[in-house]
Amino acid sequence: MTKPIRPTPQQLAAAHDTTIGDVTAPGLRVLFCGINPGLWSGATGHHFARPGNRFWPALYRSGFTPRQLRPDEQEELLALGLGITNVVARTTAKADELTAEEYRQGGAALVERVERLRPYALAVLGIGAYRTAFRRPRARIGLQPERIGGAEVWVLPNPSGLNAHYTLDGLAAEFRTLREALPPTV
């Protein structure tokens, strides 16, 4: 059964504490890592699915994709050497429903995933999630000094519409900085 693009209130409620599959493959250029899926994503099965989330427009405006993809086209990222995962797998209405322990456990699981998949770069989308999951309280947006499983680690702003610190243009600029830092052969 195809999941709905616009979930009903009942479908959103039923999506709480579910999980959705990662969009991954070995040897990606960039593995984008969200904080955790929201209810829209849980109900639809697509990452960054909530209207107003700026992930897909930021990817396009930064030059990662040749056109703006829709959440239901997420599998097309693989052909571009891009993937999506999350620090914490379970869906919630808001990230503040997650505990510090969930972030730390998710960070440990993310390390294992990166070691297995071997992307060139890991891009964690959310400074607070990164700081908590990896116990890096002073981390800043951008390239991090440490690597995970050989992958460069980048922290980019959370693309949620709730993140008022960044405009779409600001998000796209940060995504573009990562894209331009990738070697041409990756």
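What counts, and at which threshold
- Residues numbered from 1 in each chain as written.
- Predicted model: local features only at pLDDT ≥ 70, side-chain atom pairs only at ≥ 80, totals over all residues.
- Heavy atoms only, no water.
- Salt bridge = Lys/Arg side-chain N within 4 Å of Asp/Glu carboxyl O.
- Buried < 20%, exposed > 50% of the residue type's maximum accessible area, 1.4 Å probe, protein only.
- Core = buried A, V, L, I, M, F, W, Y, C linked by side-chain atoms within 4.5 Å.
- Contact = heavy atoms within 4.5 Å.
- Helix = DSSP H or I, 4+ residues; strand = E, 2+ residues; numbered from the N terminus.

Colleague: Explain the pattern of salt bridges to me, using residue names and the numbers behind them.
Modeller: Side chains that differ in charge, positive against negative, can pair when their charged atoms come close. Enumeration according to the criterion identifies 12 salt bridges in this entry. In this structure, Glu 76 and Arg 67 form a salt bridge, with 3.2 Å as the shortest nitrogen-oxygen distance. With a relative accessible area of 39%, Glu 76 lands in the partly exposed category. Counted as one network, the salt bridges with shared partners bring together Arg 67, Arg 70, Asp 72, Glu 73 and Glu 76.

Colleague: How would you sum up the nonpolar core? Please name residues and give values.
Modeller: Grouped together as the largest cluster of nonpolar side chains are 23 residues, with contacts concentrated most on Val 30, Phe 32, Phe 55, Phe 64, Phe 175 and Leu 178. Those residues in contact with Val 30 that lie beyond four places of it in its chain are Phe 64, Gly 81, Leu 82, Gly 83, Ala 121, Ala 123, Leu 178 and Leu 182. Listed in part, the 22 residues of the second largest apolar core include Cys 33, Leu 110, Val 124 and Val 155.

Colleague: I'd like a description of the environment of Leu 182, backed by residues and values.
Modeller: Tracing the backbone shows Leu 182 in the segment after helix H6 (168-181). Each residue touching Leu 182, except ones within four places of it in the same chain, is listed here: Arg 29, Val 30, Phe 64, Tyr 120 and Ala 121.

Colleague: Describe the pairing of strand S3 (residues 121-125), and please don't skip the residues or the numbers.
Modeller: With respect to burial, S3 is a largely interior element, 5 of its 5 residues being buried. Burial along S3 is two-sided: the face carrying Ala 121, Ala 123 and Leu 125 and the face carrying Leu 122 and Val 124 are both buried.

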